[in-house]
Amino acid sequence: HRTVSRQELMQGAWPGRVVEPNNVEVQVSRLRRLLGPGAIAAQQGVGYRFTLQPEGEADGAAAPEATRGAGPPPPPDELLGREADLQALADELGQHRLVTIVGPGGIGKTRLAAELAARRRAATPDAAVWADLAVIDTAAKIVPQLAAALALDLGEGEALPQLVRALSRRRLLLVIDNAEHLCRELAVPLQTLLDGAPGLRLLLTSREPLKLAGERLLRLDPLELPEPGMPLAAARGCAAVRLLERRVKALQRRFELNESQLDAAVRLCRQLDGVPLAIEMAAARVPLLGLPALQADLGRRLSLLRQDLATVPQRQRTLHTTFEWSHGLLSAAEQVVLRRLAVFVGSFGLDAACRVAGAAPVSDENDLLDALGGLVDRSMVQIVPAEPPRYRLFETTRLLALQKLDEAGELGATTACHACAMATLADGIEERYWRMADADWLAAHVPDQPDLELAFERACRERDAVIAASTLHALFRLNHLRTLYGPLAEHLRAASVLLDGAEPAARARLQLHLGYYWAGRIEGVDALACAQAASAAFQASGDRTRAHEALVNLACALGQRGLHGAAADAAQASLRLEDPAWPPRRRWLGATMRGLAHAFAGQTEDYRRSAAEQLPLALQAGSPCQAANARLNMADSAAMAGDWAEAVRIGREAVAELRRLELRALLLLALGNLLGAEVRLGEIETARRTALEVLDVAGDGNTAGYHWPHCALLLARLGDQRAAAVVLGQVDRWLASSGRSLEPVEQAVMRDARAHCEAALDAATFGRALQEGAALDEPRAHAAIRAALQRLGG
């Protein structure tokens, strides 16, 4: 009446001999044929127990030692990251008699159930019994398997009534592991047990619910994941990283996660979605390959993820077999939908799922919804909480399903459906951008960005300008509103090669964004020509809103080139198109771009008036980002007018708001403007501290030229004209290499700083300092400015 391990059986039966391990299974099978299927109970990964009753004992009664029944698999070590889940599970079982832990393969359902059962048995030995259904495959075997786990000999006659009678007076938790392949077959026996044994509670682990009345679900989420860039100590506090480190350490005693491995460890855990089984399998390969190489190669070679531990069920020895086990339980329609959904790299909405997966043989929308619901029930597709809900596949599931898609010969057609779905989605994102508040719009559509990126990149490779133009529109808005100018510039460079050969409507949409005045220099692209072409195309097409956007952008581009008369004409034309009934965000755009055209022309009062119009429109639009941008422009226009006190006051408001919003690029511009105003106002020590913050925020970004002129004037005012001259050389080099130009305020600052340097330095010294500055790259330039500011501190 105790469980005997495989090793103990081998040593007892074949002492001193070398035999194949499967001899144990062979002999157990023979004994079961002789003595009956319930004579020997198996515990997966633990061993075997003889369950027949000694002669003379009453039917249905177990031997004294056997009344404790089967226990859970012994836990390998401490449960990581699941204490909240464990408490939630205990609470559910305290209130309900049927609880199912649901989740995909390898998520840790069995481990959580085993931990709870082990803790109960530690307190009361007969409090929990463990039954594993993975070893059976038909409904006829369910009751005998449960009886064997409970150490009950059911004797002759119907098995289920006997089992109910045996349990009718017992208080017991019966844990039924791996129920997913028998969900329908379990309904009758489990309901009968619950009805006839009031002291019985059932805990199941399954990849899908049983859908019995009164069933409570505990959906198990992945382990806590580290965020990119998280410090080492914080990352090691996340359960996924702790598990990875522990498993590697078990194989490589001296292993200790360090800073050099941190990025690869974080990426690996995130790539594996925090799924414990996948992390354990990856950890087994770390001693052989190292963390960075394993992480880099994982997406291409999922076969790296395998585990050969004896305690791991055969169906979980590799991710392939885990996936195949689950895939084999799906209906034909569910298999089709799953493999088609694998083309999504991020989460997706229901409409996009229908567009991608809704073709024969699941072209009927109701069939597709049923299949999607089945995939969610079976934990192959995860629901992402949102309103409306979104869906996603774990990355390992997605990659394996993608292989199925390729094997089915559907990869090309489904990829094309994905591209069209993303283009349609992008057009909707663009339309909603103008009328939704920032928070709502970003919450709804930032999750779509990975798939928009994928469709855009593929369209650029395949020279599909129509798809590229639509997806670029949405990506442009998503990045611009969050001031992510680096990715935005990369998208523009990628799209620029599509201009030649694009059909007119797509070319105009591409030119609209390539013509933005701040897009920077793109090889082979004339930004002003793009702005002019887009404006002409949209005015000719009668597309009033896009013609308005193109005109205000053209006004900026012309103003930047010094063509102020033409810029004024474009601005006036945009005003004639503008409708007071348009959403506030569209009118904010018009006021902002016209204001910049006034700034380039040195039209101070017009610039101040436009800046003042921007703030209420941005607030009406529900856009904190664009409201902060309006304050930045108000401070800049006050500085242009020489109203330094007002520039400082509004500038500090803008800086405080941008710090709160964590919009680094706009914060850098606001700090640069504030620095210049403080210098002009004579607040030199305050300006020095602001300049040091500017350098902290700037890092090595490509916006240095906008704040360096203010640093040069500050250094000159502090008395180090040579250091100021070095900074001026840096600005000259930056302007030449970036293709950008300074706005009037910065141009005036450059003139003043240069005048200070020329007055204090002889021509040769001034020239050498300029050359020295031009030779510095941005990191060394920042270091030189910081050193000078710290040396000159009060």
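Here is a short report on the structure shown in this document.

Cut-off values and rules
- Residues numbered from 1 in each chain as written.
- Predicted model: local features only at pLDDT ≥ 70, side-chain atom pairs only at ≥ 80, totals over all residues.
- Heavy atoms only, no water.
- Phe/Tyr/Trp six-rings, centres within 6.5 Å; stacked < 30°, edge-to-face > 60°.
- Helix = DSSP H or I, 4+ residues; strand = E, 2+ residues; numbered from the N terminus.
- Buried < 20%, exposed > 50% of the residue type's maximum accessible area, 1.4 Å probe, protein only.
- Lys NZ or Arg CZ within 6 Å of the ring centre and 35° of its normal.
- Axes fitted to C-alpha atoms, helices over the stretch in contact; angles between N-to-C directions.
- Parallel < 35°, antiparallel > 145°, perpendicular 65-115°, else oblique.
- Contact = heavy atoms within 4.5 Å.
- Nonpolar A, V, L, I, M, F, W, Y, C, P; charged D, E, K, R; others polar.
- Pairing = 2+ DSSP bridges.
- 1 Å grid on protein atoms, 1.4 Å probe; cavity = no way out; pocket = protein on both sides within 12 Å on 5 of 7 lines; lining within 4 Å.
- Points joined across faces, edges and corners; volume = space filled by probe spheres on them.
- Right-handed = clockwise from strand over helix to strand, strands pointing away.

**Considerations on the packing of aromatic side chains**
To describe a pair of aromatic rings, you give the distance between the ring centres and the angle between the ring planes.
Next, step 1: On inspection of all chains with the given rule, the structure shows five aromatic pairs.
Next, step 2: For the ring pair Phe476 and Tyr516, a centre distance of 5.0 Å and an interplane angle of 45° mean the geometry is tilted. Of this pair, Phe476 sits in helix α21 (residues 465-481) while Tyr516 is found in the loop between α23 (504-514) and α24 (527-541), placing the two residues 40 residues apart along the sequence. With respect to burial, Phe476 and Tyr516 carry one shared label: buried.
Next, step 3: Chaining the aromatic ring pairs together yields one cluster made of Phe344, Phe348 and Tyr391.
Next, step 4: In this structure, Arg585 packs its charged tip against the face of Tyr433, placed 4.6 Å from the ring centre.

**A look at the packing of helix α5 (residues 142-149) against helix α7 (residues 183-196)**
Next, step 1: Put simply, α5 and α7 touch, their axes get as near as 10 Å, and they point 50° apart. In terms of orientation, α5 lies oblique with respect to α7. Residue-level contacts link Ile142, Val143 and Leu146 of α5 to Glu185, Leu186, Pro189 and Leu193 of α7.
Next, step 2: Residues belonging to the contact of α5 with α7 are distributed by class as follows: six nonpolar, no polar and one charged.

**So, the sheet that holds strand β7 (residues 216-219)**
Next, step 1: The sheet built from five strands is open, its strands ordered β4-β5-β6-β3-β7 with parallel pairing. Each edge of the sheet is formed by a strand with only one pairing partner; in this case those strands are β4 (128-132) and β7. Between one strand axis and the next, the sheet turns through 20° on average, direction left out of account.
Next, step 2: Where strand β3 (residues 98-102) meets β7, four bridges bridge the pair, whose relative direction is parallel. Paired with Thr100 across the two strands is Leu217, which belongs to β7.
Next, step 3: On the sheet, helix α3 (residues 83-95) packs against β3, β5 (172-177), β6 (200-206) and β7 and is oriented at approximately 140° with respect to β6.

**Concerning empty space enclosed by the protein**
Next, step 1: The full count for this structure, using the stated rule, is five cavities of 30 Å³ or more.
Next, step 2: Here the largest cavity defines a volume of roughly 160 Å³.
Next, step 3: Gly105, Thr322, Phe323, Thr396 and Thr397 are, among the 14 residues lining the largest cavity, the residues nearest its centre.
Next, step 4: Broken down by secondary-structure element, the contributors of at least two residues to the lining of the largest cavity are α13 (319-328) and α17 (395-407).

**A few points about the pairing of β6**
Next, step 1: In terms of residue burial, β6 counts as a mostly covered element, since six of its seven residues are buried.
Next, step 2: For β3 and β6, the ladder comprises five bridges, and the chain directions are parallel. Each residue of the ladder has a partner; that of Val99, found in β6, is Leu203.
Next, step 3: In this structure, β5 lies alongside β6, joined through five bridges in parallel fashion. Following the sheet pairing, Leu173 is matched in β6 by Arg201.
Next, step 4: With respect to chirality, the unit in which β5 leads through α7 into the neighbouring parallel β6 is right-handed.

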